[in-house]
Amino acid sequence: MPAMMDGRNWFAAPLPARRRQLRPMRRDGVHVEIKGRRLLNFASNDYLGLAGHDRVRAAAAGQIEAEGFGSGASRLISGDHPLLHELEATLAAWKGYEVGLLLGSGMLANIGLLDALADRHSIIFADRRNHASLIDGARLSGARVIRYRHNDLDHLARLLAAHAAARRIVVSDGVFSMDGDCADVAGLIGLAEQHDALLVIDDAHGTGVCGPDGRGLTAAFAGHARLIEVGTLGKALGSYGAFILACRPLIEGLIQRLRTLIYSTALPPCTAAAALAALHELKKGALVARLRANIAFFRAQLHDLPLLPSATAIQPLILGEDEAALAAAAKLEVKGFFVPAIRPPTVPAGTARLRITLSAAHTREHIKALADALTDCCR
Ligand SMILES: *Cc1c(COP(=O)(O)O)cnc(C)c1O
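These numbers come from a predicted model, not from an experiment.

*Asks:* Outline the layout of surface pockets, listing residues and values.
*Replies:* Considering only enclosed or pocket space, the second largest pocket measures out at about 340 Å³ in volume. Lining the second largest pocket are 18 residues, and of these Ala116, Leu117, Arg167, Leu198 and Leu250 lie nearest its centre. Those elements giving two or more residues to the lining of the second largest pocket turn out to be helix H4 (106-117), strand E7 (168-173) and helix H8 (248-257). Ranked by residue count, the leading element in the lining of the second largest pocket is H8, at 5 residues.

Here you go:
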């Protein structure tokens, strides 16, 4: 009889060093508490410290108090809510797009979006370092996927010139999530125009961090008929959920086709209430300015360590081998800092790294202490 496979042997056990682990932790401002130990958190995408902001909490709590928590159904059944529309309109106006569409998460937004935009007759041109959600959406769509070298617009131009199709879409992260570097949105728009393609920019890490007033990397091109922006509420906006911004006909088409909108429960309205309050705080400008000052201060402290040239809140320190990154992360944890080691296949082989993320809520003292510990651990 052939060997039987059940839940106990379905997955071969990965090596202990390669095991991904869930670690429950409580967050308290810029600290996390793991098994009773308090660590300074340099591993959060809450770039502006808005997830715990008093007004954000109050907005969510007030909404829950008034109407409860869950939305109860898909937006196309009975789960839609005026707060979702208010947030869509507020985001679109702030970013300069005609309309917005809220989705359950960035992962759901990208998977649904590319599946809705493309079919097996389309070609998707994708940056090699794109986020997993864009890779999965492209796959699901059935489109032919052609990957171009990371941020290499000459390579992309050659590929666009060589591969024709009725519908072509260029897809890129805005701020790349593992390197902290930025797409050349102006160059990508130029190529999209020249080669009659749509451009999807996933700027999950750009909102609240990059661009004028923290409006992200696409700010100068918002409203362009070839441009679609995807963003998340789960990072700088301190909430949960995601949005797609584009021209009205495109969004109207998506409402007919986007399966992760149609077949998934609507966001709880309190998440929109929280995001609206967070956006209100973000627009005041002080938090964005403080984050930028923290990024500059951090880089000035670490000028002689192998930091990638990132101007964003994501500051990777390349250590090379997996073991070096794991050992550094473990040492930092002993010293009271939570900084994750990121290894292949998430990043290219030989570029294992510490992925440090900064927040407006960190103080100079926090950053100075981390810089000293990094210098100690990584030299
Ligand atoms: C975090 C992230 C996502 C996923 O967003 P969620 O709202 O967390 O699902 C998508 N794209 C990029 C580039 C991201 O960094």
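Back to the text.
*Asks:* An account of the packing of aromatic side chains is needed here, citing residue identities and associated values.
*Replies:* Per the stated rule, a full pass over the model turns up 1 aromatic pair. Here the aromatic rings of phenylalanine 42 and phenylalanine 337 are separated by 6.4 Å at their centres, their planes lie at 40 degrees, and the arrangement is tilted. Separated by 295 residues along the polypeptide, phenylalanine 42 in the loop between strand E3 (37-41) and helix H1 (54-67) and phenylalanine 337 in strand E12 (residues 337-338) bring together distant segments of the chain. Comparing phenylalanine 42 with phenylalanine 337, the two get one shared label, buried. The ring of phenylalanine 297 has arginine 364 lying over it, and the distance from NZ or CZ to the ring centre is 4.3 Å.

*Asks:* Outline the environment of asparagine 45, listing residues and values.
*Replies:* Assignment of secondary structure puts asparagine 45 in the loop between E3 and H1. With 191 residues separating them in the primary sequence, asparagine 45 and alanine 236 have C-alpha atoms 6.4 Å apart. Every residue in contact with asparagine 45, bar those within four places of it in the chain, is listed here: His205, Lys235, Ala236, Arg355 and Thr357.

*Asks:* Residue-level account of the sheet that holds strand E14 (residues 352-357), with values.
*Replies:* Pairing within the open sheet is antiparallel, and its 3 strands lie in the order E11-E14-E13. Across the chains shown, the open sheet's two edge strands, defined by having one partner strand only, are strand E11 (314-320) and strand E13 (341-342). Pairing between E11 and E14: 6 bridges, direction antiparallel. Its bridge partner being in E14, isoleucine 318 is matched across the sheet by arginine 353. Strand contacts of helix H13 (residues 364-378): E11 and E14, with the helix running at about 175 degrees to E14, the strand carrying the most contacts.

Rules used in this analysis
Within every chain, residues take consecutive numbers counted from 1 along the sequence as written. For this predicted model, a pLDDT threshold of at least 70 governs which residues receive local features, and a threshold of 80 or more governs which side-chain atom pairs are given and counted, while totals over whole chains, interfaces and linings are taken from all residues. Side-chain numbers here rest on the full set of heavy atoms in the structure, without hydrogens or water. Of the two site types, the cavity is a set of points on a 1 Å grid over the protein atoms alone where a 1.4 Å probe fits but cannot get out, and the pocket is an open set with protein on both sides within 12 Å along at least five of seven lines, each lined by residues with an atom within 4 Å of a point. Grid points are joined across faces, edges and corners, and a volume is the space filled by probe spheres set on the points. Labels follow the DSSP assignment, with helices taken as runs of H or I lasting at least four residues and strands as runs of E lasting at least two, numbered in each case from the N terminus. Working definition: a ring pair exists when centres of Phe, Tyr or Trp rings (six-membered ring for Trp) sit within 6.5 Å. Plane angles under 30 degrees give stacked, over 60 give edge-to-face, the rest tilted. For every residue, the accessible area obtained with a 1.4 Å probe (protein chains only) is divided by the maximum for its type, and the residue is called buried under 20%, exposed over 50%, and partly exposed between those limits. Should the NZ of a Lys or the CZ of an Arg lie within 6 Å of a ring centre and within 35 degrees of the ring normal, that charge is described as sitting over the ring. Note on contacts: a residue pair qualifies if any of its non-hydrogen atoms lie within 4.5 Å across the two residues. Strand pairing requires that DSSP identify at least two bridges connecting the strands. The axes used here are C-alpha line fits, helices contributing only the stretch in contact, and every angle between their N-to-C directions lies in the interval 0 to 180 degrees.

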